[in-house]
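# Architecture and fold: a report
Here is how the chains run, residue by residue.
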Amino acid sequence: MKLITILGARPQFIKAATVSRAIVEHNRRATDSSQIEEKILHTGQHYDANMSDVFFRALEIPRPAWNLQCGGIGSHAEATARMMTGIERVLLDERPDRVLVYGDTDSTLAGALTAAKLHIPVAHVEAGLRSFNRRMPEEINRVLTDHLADRLFCPTHAAIDHLRREGITDGVMHTGDVMYDAALIFGSLAARRSTVIESLGLTPKAFYLTTVHRAENTDDVTRLTAIVRALIEASTPTCPVVWPLHPRTRSRLEAYGLLAPLSDAVRLTDPVDYWDMVRLEQSAAAILTDSGGIQKEAYFHRTPCVTLRDETEWTETVEAGWNSVVGCDPDRILRALYEPSPTRHEIADFGDGHAAEHIVRALF
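Here's what I pulled together on the structure shown here. (Residues numbered from 1 in each chain as written. Predicted model: local features only at pLDDT ≥ 70, side-chain atom pairs only at ≥ 80, totals over all residues. Heavy atoms only, no water.)

## Focus: helix H4 (residues 106-117)
An ideal rise of 1.5 Å per residue puts 16 Å on 12 residues; H4 measures up with 17 Å between its terminal C-alpha atoms. By the criterion of burial, H4 is predominantly enclosed, with nine of the 12 residues buried. Every buried residue of H4 is listed here: Asp106, Ser107, Thr108, Leu109, Ala110, Gly111, Ala112, Thr114 and Ala115. N-capping of H4 is provided by threonine 105, with a side-chain oxygen placed 3.2 Å from the backbone N of serine 107. Phi turns positive one or two residues past the end of H4, at histidine 119, with a value near 60°. (Helix = DSSP H or I, 4+ residues; strand = E, 2+ residues; numbered from the N terminus. Expected span 1.5 Å × (residues − 1). Buried < 20%, exposed > 50% of the residue type's maximum accessible area, 1.4 Å probe, protein only. Polar contact = N/O pair within 3.5 Å; in protein donor to acceptor, adjacent residues only side chain to side chain.)

Okay, structure coming up:
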């Protein structure tokens with residue numbers, strides 16, 4: 001089987017690392033007729049070296065055969081159109097048996113739509129997620145990708161239910177979550193490889209970690225101002241807020257005049273590499289984020305999470321007491337941070353830590 005994997009953003013690199021490892025293991029045992037030849041196409045959606053190149057090195061993902069360098073290009077429409085043009089050229093030249101896409105980025109939709117128009121089967125890892133907020137570009141991307149794919153690999157049974165309600169039942173399977181695989185594979189390595197806690201002078205479980213990157217927060221001055229206000233109030237000398245800044249978020253903070261007051265109270269850093277991010281997630285007293293992936297990573301590392309959105313795709317983490325969805329209201333943010341749920345339980349639905357192996361077997 002000739003497989004082209006299409007990636008573009010940090011969460012996809014981590015997910016792909018687990019599946020690429022499983023492909024290598026599969027090929028070691030497989031006959032010649034059932035070998036998988038995987039080639040990676042990187043759209044360049046995340047173009048900063050700390051957001052992209054470093055993940056391929058750190059996670060030992062096969063180097064991309066193509067990089068379309070589409071990062072930082074205008075609107076969603078402009079970026080997606082350029083990705084599709086580049087992806088089409090590659091698919092016409094390569095004629096793969098299948099295209100594999102991950103998650104819900106513009107790269108995901110560009111890969112799925114281009115492949116479908118060329119009648120190349122599409123497999124979607126992390127299918128069936130729904131926030132039911134169509135204002136989010138990620139929601140549009142994931143819904144359309146699911147309706148284009150013929151293999152839909154769902155991390156939870158709730159995702160399967162969402163697809164069923166939309167009339168999608170063929171090719172659907174519960175694999176568990178590849179991010180749980182990654183937490184098991186890479187969590188202990190991060191504790192050994194990362195020195196970020198020492199280099200930032202932090203004390204484990206005596207700091208808060210935050211990430212903010214979604215357009216609904218960064219492009220709305222009212223929402224971003226409210227979040228910044230809460231972070232400034234939460235950050236203290238004995239328990240500081242640490243914020244590795246996404247480049248786009250930094251530019252918005254500067255444009256809104258929020259960067260200077262924030263810098264006086266919060267520990268701002270450049271984007272960190274994968275090992276450092278995992279170590280920060282493991283060591284934080286709590287995580288404040290608008291990232292879907294980090295909500296799950298917080299649970300996998302058993303760190304309480306405060307979600308800076310009005311809804312979440314990962315309702316399991318809320319129901320289990322590990323996650324509070326609070327929007328951008330400073331009072332709700334601080335209350336969730338200082339008064340986490342007293343009752344928490346484990347979530348079996350994320351699988352057995354072998355989601356990638358289940359996915360590789362189902363590619364044929």
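More follows now that the structure is in view.
## Observations regarding the side chain of aspartate 276
By secondary structure assignment, the location of aspartate 276 is in helix H13 (residues 274-283). The side chain of aspartate 276 sits in the buried core without any salt bridge; arginine 279 is the nearest counter-charge, 8.2 Å away. Ignoring sequence-local partners within four residues, the contact set of aspartate 276 consists of Ser194, Thr195 and Val196. (Lys, Arg positive; Asp, Glu negative; His and termini not counted. Salt bridge = Lys/Arg side-chain N within 4 Å of Asp/Glu carboxyl O. Contact = heavy atoms within 4.5 Å.)

## Overview of the environment of threonine 210
Considering the arrangement of structural elements, one finds threonine 210 in strand S8 (residues 208-211). Along the backbone, threonine 210 and glycine 72 are 138 residues apart, and their C-alpha atoms lie at a distance of 23 Å. Ignoring anything within four residues of it in the chain, the contact list for threonine 210 reads Leu231, Val241, Val242, Trp243, Pro244, Leu288 and Leu308.

## A word on the sheet that holds strand S10 (residues 267-269)
Ordered in space as S10-S9-S8-S11-S12-S13, the six strands form an open sheet in which the pairing is parallel. Two strands in the sheet have a free side with no partner beyond their single neighbour: S10 and strand S13 (323-325). Each strand of the sheet is rotated relative to its neighbour by a mean of 20°, with strand direction disregarded. Here S8 runs beside strand S9 (residues 241-244); their pairing, made up of two bridges, is parallel. Looking across to S9, one finds that tyrosine 208 is bridged to valine 241. Where helix H10 (residues 221-234) meets the sheet, its contacts fall on S8, S9 and strand S11 (286-289), and the angle it forms with S9 comes to roughly 135°. Of the strands in this sheet, S8, S9 and S11 are in contact with H13, which crosses S8 at around 130°. (Pairing = 2+ DSSP bridges. Axes fitted to C-alpha atoms, helices over the stretch in contact; angles between N-to-C directions.)

## Observations regarding unusual backbone geometry
With phi around 55°, glutamine 69 is a residue other than glycine that occupies positive phi space. Locating glutamine 69 in the fold gives a position in the loop between strand S3 (66-67) and helix H3 (76-94). In this structure glutamine 69 comes out as exposed when scored by relative accessible area, which is 58%. Despite not being glycine, glutamate 126 shows a phi value in the positive range, around 80°. Locating glutamate 126 in the fold gives a position in the loop between strand S5 (122-125) and helix H5 (137-148). Given a relative accessible area of 11%, glutamate 126 falls into the buried group.

## So, the nonpolar core
Nonpolar side chains in soluble globular proteins tend to end up buried together. In terms of nonpolar packing, the biggest core is built from 69 residues, with Val19, Ile87, Leu91, Leu100, Phe186 and Tyr274 touching the most fellow members. One finds Val241, Leu245, Ala286 and Leu337 within the second-largest nonpolar core, a separate group that totals 28 residues. (Core = buried A, V, L, I, M, F, W, Y, C linked by side-chain atoms within 4.5 Å.)

## As for the packing of H10 against helix H16 (residues 330-338)
Any two packed helices are characterised by the angle at which their axes cross and by the distance between the axes. H16 packs onto H10 with a crossing angle of 40° between their chain directions and a minimal axis gap of 9 Å. Relative to H16, H10 is oriented oblique. Note that H10 runs across H16; the crossing there is right-handed. Counted together, Ala226, Ile227, Arg229, Ala230, Glu233 and Ala234 of H10 and Pro330, Ile333, Leu334, Leu337 and Tyr338 of H16 form the full contact between these two elements. (Parallel < 35°, antiparallel > 145°, perpendicular 65-115°, else oblique. Left-handed = near helix turned anticlockwise from the far one by under 90°.)

## What about the pattern of salt bridges?
On inspection of all chains with the given rule, the structure shows 25 salt bridges. The closest approach of N and O atoms between glutamate 126 and lysine 15, which form a salt bridge, is 2.9 Å. One end of the pair, glutamate 126, is in the loop between S5 and H5; the other, lysine 15, is in helix H1 (residues 10-29), with 111 residues separating them in the sequence. Lysine 15 shares its class with glutamate 126; the two are buried.

## Concerning the sheet that holds S3
Ordered by their spatial adjacency, seven strands build an open sheet running S3-S2-S1-S4-S5-S6-S7, and the pairing between neighbours is parallel. With one partner strand each, in any of the chains shown, S3 and strand S7 (172-174) form the two edges of the open sheet. Here strand S6 (residues 151-154) pairs with S7 via three bridges, running parallel. Within the sheet, the bridge partner assigned to cysteine 154 lies in S7 and is histidine 174.

## Quick word on the pairing of S11
Regular strands show a simple pattern: their side chains alternate between the two faces of the sheet. What you see with S11 is no split at all: Ala286 and Leu288 on one side and Ile287 and Thr289 on the other are buried throughout. Alignment of S8 against S11, held across four bridges, turns out to be parallel. Note on S11: the bridge partner recorded for leucine 209 is isoleucine 287. Looking at chain direction, S11 and strand S12 (residues 305-307) are connected through three bridges and run parallel. Considered in S12, the bridge of isoleucine 287 is made with cysteine 305.

## Structural notes on the packing of aromatic side chains
Counting across every chain of the model gives nine aromatic pairs. Measuring from centroid to centroid gives 5.7 Å for phenylalanine 186 and tyrosine 274, while their planes differ by 90°, and the two rings are edge-to-face. Taken as a pair, phenylalanine 186 in helix H7 (residues 178-193) and tyrosine 274 in helix H13 lie far apart in primary sequence, 88 residues in all. Of the two residues, phenylalanine 186 and tyrosine 274, both sit in the buried class. Centroid distance tryptophan 314 to phenylalanine 350: 5.9 Å. Interplanar angle 55°. Geometry classified as tilted. Taken together, the positions of tryptophan 314 in the loop between S12 and helix H15 (315-319) and phenylalanine 350 in the loop between H16 and helix H17 (355-362) put the pair 36 residues apart, joining distant regions of the chain. Residue tryptophan 314 shares its accessibility class with phenylalanine 350, and that shared class is buried. Taken together, the ring pairs in this structure connect Tyr180, Tyr299, Phe300, Trp314, Trp322 and Phe350 into an aromatic cluster. Here the basic side chain of arginine 302 rests over the ring of tyrosine 299, its NZ or CZ set 4.2 Å away from the ring centre. (Phe/Tyr/Trp six-rings, centres within 6.5 Å; stacked < 30°, edge-to-face > 60°. Lys NZ or Arg CZ within 6 Å of the ring centre and 35° of its normal.)

Functional significance is not addressed by these values, which are geometric in nature.
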